[in-house]
Amino acid sequence: GGGDALGDVITFTGTINDANSDSTLQLIAGLGSVDLRGNVGGANRIESLVVASAAQVDLANVSADADIAVTGTNIDLLGTVYLSNAEDVTFTGVVDLDGAGVTVVVTGGADAGDVITFTGIINDAASDTTLQLIGGALGAVDLRGDIGGVEFGCRGLRAGYAQPVTGPPAGP
């Protein structure tokens, strides 16, 4: 659950663990925001993380056994690890790499059909972050937006996967 009005915030400041790795954390903020300042799946991975809607999403590290699905107008990745042990990792919205001078590693499941997807532009305001995408042996990476918007670049992109990276269509 969560808020529907602009300015409503769902906030977790501590680590979120799942002793049996069998619970899905679903957050719906509507026009509000989701602020996960503590690690999700710190000592024990959660089953899945779903942020169904939010104007703003702030995420520390996330470790899940299954899907990580985050939908927001703007998504700030504050951590360095976003891991799905066996499924998809999807960021739907503009993503900002907000760590300072770090490598952000996004790892999706290794089975056929497991995909790391970014639907929007990926920004790095300080141009000092490396984004590493690991799709696994049969997994894939799908980049639907530009890496680095009009004003921002990313220090580097490294991808480790067996399947091809797909990206936005070529311009006219």
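1. Things to note about the pattern of salt bridges
In the structure shown here, the tally under the stated rule is 4 salt bridges. Residues Asp 58 and Arg 37 are paired through a salt bridge, measuring 3.7 Å at the closest nitrogen-oxygen approach. One end of the pair, Asp 58, is in strand β5 (residues 56–59); the other, Arg 37, is in the loop between β3 (33–36) and β4 (48–53), with 21 residues separating them in the sequence. Using a relative accessible area of 46% as the deciding quantity, one classes Arg 37 as partly exposed. Here the salt bridges share partners, and the residues they tie into one network are Asp 35, Arg 37 and Asp 58.

2. Considerations on the side chain of Asp 58
Overall, Asp 58 belongs to the buried group, its relative accessible area being 11%. Looking at Asp 58, its side chain comes within polar contact range of the side chain of Gln 56, at 3.1 Å. Apart from the residues within four sequence positions on either side, Asp 58 is in contact with Val 34, Asp 35, Leu 36, Arg 37, Asp 76 and Leu 78.

3. Comments concerning the packing of aromatic side chains
Enumeration according to the criterion identifies 2 aromatic pairs in this entry. Look at Tyr 82 and Phe 91: their rings are 6.2 Å apart centre to centre, the planes differ by 85 degrees, and that puts the pair in the edge-to-face class. On the basis of relative accessibility, which here comes to 0%, the residue Tyr 82 falls in the buried class. A relative accessible area of 0% means that Phe 91 is categorised as buried.

4. Quick notes on the environment of Asp 35
Examined against the element boundaries, Asp 35 turns out to sit in strand β3. In this structure Asp 35 comes out as buried when scored by relative accessible area, which is 15%. The spatial distance from the C-alpha of Asp 35 to the C-alpha of Ile 10 is 6.1 Å, given a sequence separation of 25 residues. Aside from chain neighbours lying at most four places away, what touches Asp 35 is Val 9, Ile 10, Thr 11, Phe 12 and Asp 58.

5. Topic: the environment of Gln 56
Residue placement: Gln 56 occurs in strand β5. For Gln 56, a relative accessible area of 23% puts it in the partly exposed group. Distance from Gln 56 to Val 94, taken between C-alpha atoms, is 9.9 Å for residues 38 residues apart in sequence. In this structure Gln 56 touches Gly 32, Ser 33, Val 34, Asn 74 and Asp 76, once residues within four positions along its chain are discounted.

Calculation criteria
- Throughout, residues of each chain are indexed from 1 in the direction in which the sequence is written.
- The predicted origin of the model limits local features to residues at a pLDDT of at least 70 and limits the giving and counting of side-chain atom pairs to 80 or more, whereas totals for whole chains, interfaces and linings rest on all residues.
- Hydrogen atoms and water are omitted, and side-chain values are computed over all heavy atoms in the structure.
- Just to be clear on terms, a salt bridge is a Lys or Arg side-chain nitrogen sitting within 4 Å of an Asp or Glu carboxyl oxygen.
- Here a strand is any run of E in DSSP of at least two residues, a helix any run of H or I of at least four, and the numbering for each starts at the N terminus.
- Using a 1.4 Å probe on the protein chains alone, a residue whose accessible area is under 20% of its type maximum counts as buried, one over 50% counts as exposed, and one in between counts as partly exposed.
- Between N or O atoms, a polar contact is any pair within 3.5 Å; within protein, one atom must be a potential hydrogen donor and the other a potential acceptor, and residues adjacent in sequence are included only when both atoms are from side chains.
- We call two residues in contact when some of their heavy atoms are within 4.5 Å.
- Any pair of Phe, Tyr and Trp rings, taking the six-membered ring for Trp, is counted once the centres come within 6.5 Å. Such a pair is stacked with planes under 30 degrees apart, edge-to-face with planes over 60 apart, and tilted for the rest.

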